[in-house]
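Structural overview
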Amino acid sequence: MADSASHAAARAEALRRSIEHHNHRYYVLDDPEIADAEYDRLMDELASLEAEHPELISVHSPTQRVGSRPLEGFEPSQHDRPMLSLANAFSREDVVEFDRRLRRNLAVDALTYVGEPKLDGLSINLRYEQGRLVEAATRGDGEVGEQITANARTIRSVPLILLTDNPPQRVEVRGEVVIRRRDFEALNRQRLARDQRPFANPRNAAAGSLRQLDPRITAARPLTLFVFGIGASSEALAEDHLGILRVLGDWGFRVNQRVERVEGADGLLDYHDRLVAERDDLDYEIDGAVYKVNDIAAWSELGTTARAPRWALAHKLPAREATTVVESILPSVGRTGVITPVAALQDVNVGGVTVGRATLHNLDEVHRKDVREGDTVMVRRAGDVIPEVVSVVTSKRPPGAEAWSMPAHCPVCGSEVVRLDDEAAHRCMGGLFCPAQRVGALMHFVSRRAMDIDGLGEKLVRQLVETERVRTAADLYQLSCSDLLGLERMGEKSAGNLLRSIEASKQTTLARFLFALGISQVGEVTARVLARELGSLNAVMNADEEALVALPDIGPVVAQSITRFFEQTTNRQVIEGLLSAGVTWDDPTGRQENATDDAGRTLEGLTFVLTGTLENLTRDEARAAIEARGGKVTGSVSGRTNYLVAGSDPGSKRDKAETLGVPVLDEDGFQAMLG
Ligand code: IVH
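Residues numbered from 1 in each chain as written. Predicted model: local features only at pLDDT ≥ 70, side-chain atom pairs only at ≥ 80, totals over all residues. Heavy atoms only, no water.

Here we take up the overall build of the protein chain. Along the protein chain, the regular secondary structure elements total 26 helices and 24 strands. Expected size for 675 residues packed as a compact globule is a radius of gyration near 26 Å; at 34 Å, the protein chain overshoots this value by more than 25%. Taken along its principal axes, the extent of the C-alpha atoms in the protein chain is 95 × 65 × 50 Å. A buried classification covers 48% of the 675 residues belonging to the protein chain. Contacts in the protein chain between residues far apart in sequence, at least 24 positions, make up 68% of those at least 6 positions apart. Accessible area of the protein chain: about 32200 Å², with a carbon and sulfur share of 48%. (Helix = DSSP H or I, 4+ residues; strand = E, 2+ residues; numbered from the N terminus. Rg over C-alpha atoms; globule rule 2.2 N^0.38 Å. Buried < 20%, exposed > 50% of the residue type's maximum accessible area, 1.4 Å probe, protein only. Contact = heavy atoms within 4.5 Å. Areas by Shrake-Rupley, 256 points an atom, 1.4 Å probe, with all protein chains shown as cover.)

Structure representation (structure tokens):
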């Protein structure tokens, strides 16, 4: 009996070490050695062993990372050695002066430093006794923190048992708990999906997660620990700081990969500049560079002030957040008609750049963040992206500030503003008329699959709009040679060609015409359905939502978008102008449109799936060629698929077709089938 118990104890210990080892490979080194299933098997074996021998269960077991109950409150925890802060440098001169002062005090000519990223998270103190985690605490006032041991145990990059055979009797390990950017984004997406308030930034999320009374909540948050040093230790671990970090790495902690040995003030400044340049590519938020003298003997010589050691310095990076006041919230109309609420701000300097506007994305965001005119807000500028409003300082809200609402009419053209049922965005419905949408609408109108006007590129369209020669698509048909000759790089020959091309586009098809109008949600396929099923422009313009949803492949959102578009008098006026300029079509379905249609409906009743890249056709063209012959194109391979057309890099659809016995055509085979 005693024998079997001691056997179980030895096995449990071996399993724990093995699990900690694989945990380290997975969570710290991002380089697992075994499959997840194998890891689960080890955990299962340990769990059943502990179930059989409850006396073996201890808090140091990996099975206990997530189990404990909520606390009433946090106990205080006295650090063995105070957790100091860092002196700050805001300029290059501060850094040069730091190096000069240290060299003078130590009476040396040159100093070797360690450069580290200053992670923007929450510092933590972990106490290990005989290599086992016995207590974890927040920094608190530096002397006494809050004990958060159960929470720290849930963080997978915190070793419960150090990966060494001769740990010091007692040691404090210190580091920063953060949430990495990709984990943060996933966390916020998940919270939004559950109707929970998203966190403003990774730091707040990390802080909120670590100080939870219920460790099960902490366990569900993607916290990561990066260590940057030690506190008190019963034994000296190394002679220099890099040596300490190496030991911590060996024990199973994650040490930042961007830690570097650097020489002198020049080395420090160079390190800083490289860190600034890399900032946007890092997977975690940083707010500075930390410089530490490498030689530990120098630490005691230099000593500390009341607040911070004299041998270290934090060189601040430009802040990317700042607070300012929202003067007004303006609906801004984009070139596709989407209306974005934009906060007009009192100018504020954010990391060296003056910011006067910040996007609020859409109405839901305005309401979720509850941003109102007059509010003091936190704005954030990261990399090249448009500055955004992160959160509101509600305590500073002026009395009487009212919730913002989207205007009912477009601020640019006065057309109706509509939010289609399944969209986050509001849109101006005056697509053909709205000045904000002119260039976008015209580019679409003249494109090859729409009215197919050759020779009208974006530069030219911009010039026509900016010189007010063209306001709507109908004006294109009023252009004269002298109108065009005044434009940049426009000679008589190209003007003549363009006018001929415009003239030729007048003879079109109803389907192309409907597509060219640029109605939101109406692509080529829908335009063709409308033309074929309703037969005339009048019928399309006058169809109500009920009639539209009765048509094949048209859902309520598309129907709503179509009716709203034609309800705008301004849009109707532009259509009127196009028709009186002579735009016309004979056959509503556009069968006379090109030779392929003459080939007849040779693919009637056949369903195709397209995958991979074709050499001579785009996806759209392949789809159009199939549909022109009466065939159908769907997105995924099923038992009802007749052919899979596979270009290069076909991916999983090809495998699926083969499993289901669906014939696969290569590009040549497909061309042969088209004839
Ligand atoms: S060393 C005695 N190194 O910054 C030295 N701190 O402003 C104390 N921090 O409380 C800290 N990254 O939370 C050090 N690489 C790093 C750091 C770092 C982030 C935080 C830490 C500390 C605060 C001091």
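Right, let's get into the site of the ligand. The local shell around the ligand holds 14 residues, among which E116, L119, S123, E176 and K292 are the closest. Here K118 contributes a side-chain N or O atom positioned 3.3 Å from an oxygen atom of the ligand. A distance of 3.0 Å separates a nitrogen atom of the ligand from a polar side-chain atom of K292. Secondary structure elements with two or more residues in the shell around the ligand: β3 (112–119) and β10 (286–293). Here the shell around the ligand gets four residues from one element, more than from any other, and that element is β3. Classifying every residue of the shell around the ligand by side-chain character gives seven nonpolar, two polar and five charged. (Near = heavy atom within 4 Å. Polar contact = N/O pair within 3.5 Å; in protein donor to acceptor, adjacent residues only side chain to side chain. Nonpolar A, V, L, I, M, F, W, Y, C, P; charged D, E, K, R; others polar.)

This brings us to the pattern of salt bridges. Within this structure, the stated rule accounts for 48 salt bridges. Between E129 and R127 there is a salt bridge whose closest N-O contact spans 3.2 Å. Three or more residues are tied together by salt bridges with common partners; here these are R181, D280, E285, R320, E321 and R380. (Salt bridge = Lys/Arg side-chain N within 4 Å of Asp/Glu carboxyl O.)

What follows concerns the pairing of strand β11 (residues 312–316). Of all the five residues making up β11, four are buried; the element is thus mostly covered by neighbouring parts of the structure. Of the pairings in the sheet, the one linking strand β2 (residues 88–89) to β11 comprises two bridges and is parallel in character. Along β11, the bridge assignment pairs A89 with H315. The pairing of β10 with β11 spans five bridges and is antiparallel. Within β11, the residue paired with A289 across the bridge is H315. (Pairing = 2+ DSSP bridges.)

For helix α16 (residues 492–505), which comprises 14 residues, the first-to-last C-alpha distance of 20 Å matches the rise-based estimate of 20 Å (1.5 Å per residue) to within 8%. Taken as a whole, α16 has its buried residues at A495, G496, L498, S501, I502 and S505. Residues of α16 that are buried make contact with α13 (458–466), α14 (473–476), α15 (481–485) and β19 (507–508). (Expected span 1.5 Å × (residues − 1).)

Per-residue confidence for the protein chain gives a mean pLDDT of 90; residues scoring 70 or more make up 97%. Note that residues 589–598 has pLDDT below 50 and, in this model, 14 contacts with residues that lie over four places away or in other chains. (pLDDT = per-residue confidence, 0-100.)

Taken N-terminus to C-terminus, the directions of helix α12 (residues 438–446) and α13 make an angle of 130 degrees; their axes are 10 Å apart at the nearest point. In terms of their interaxial angle, α12 and α13 are classed as oblique. α12 and α13 meet at a crossing whose hand is right-handed. Counted together, R438, V439, L442 and M443 of α12 and E458, V461, R462 and V465 of α13 form the full contact between these two elements. Here the contact of α12 with α13 is built from residues that sort into five nonpolar, no polar and three charged. (Axes fitted to C-alpha atoms, helices over the stretch in contact; angles between N-to-C directions. Parallel < 35°, antiparallel > 145°, perpendicular 65-115°, else oblique. Left-handed = near helix turned anticlockwise from the far one by under 90°.)

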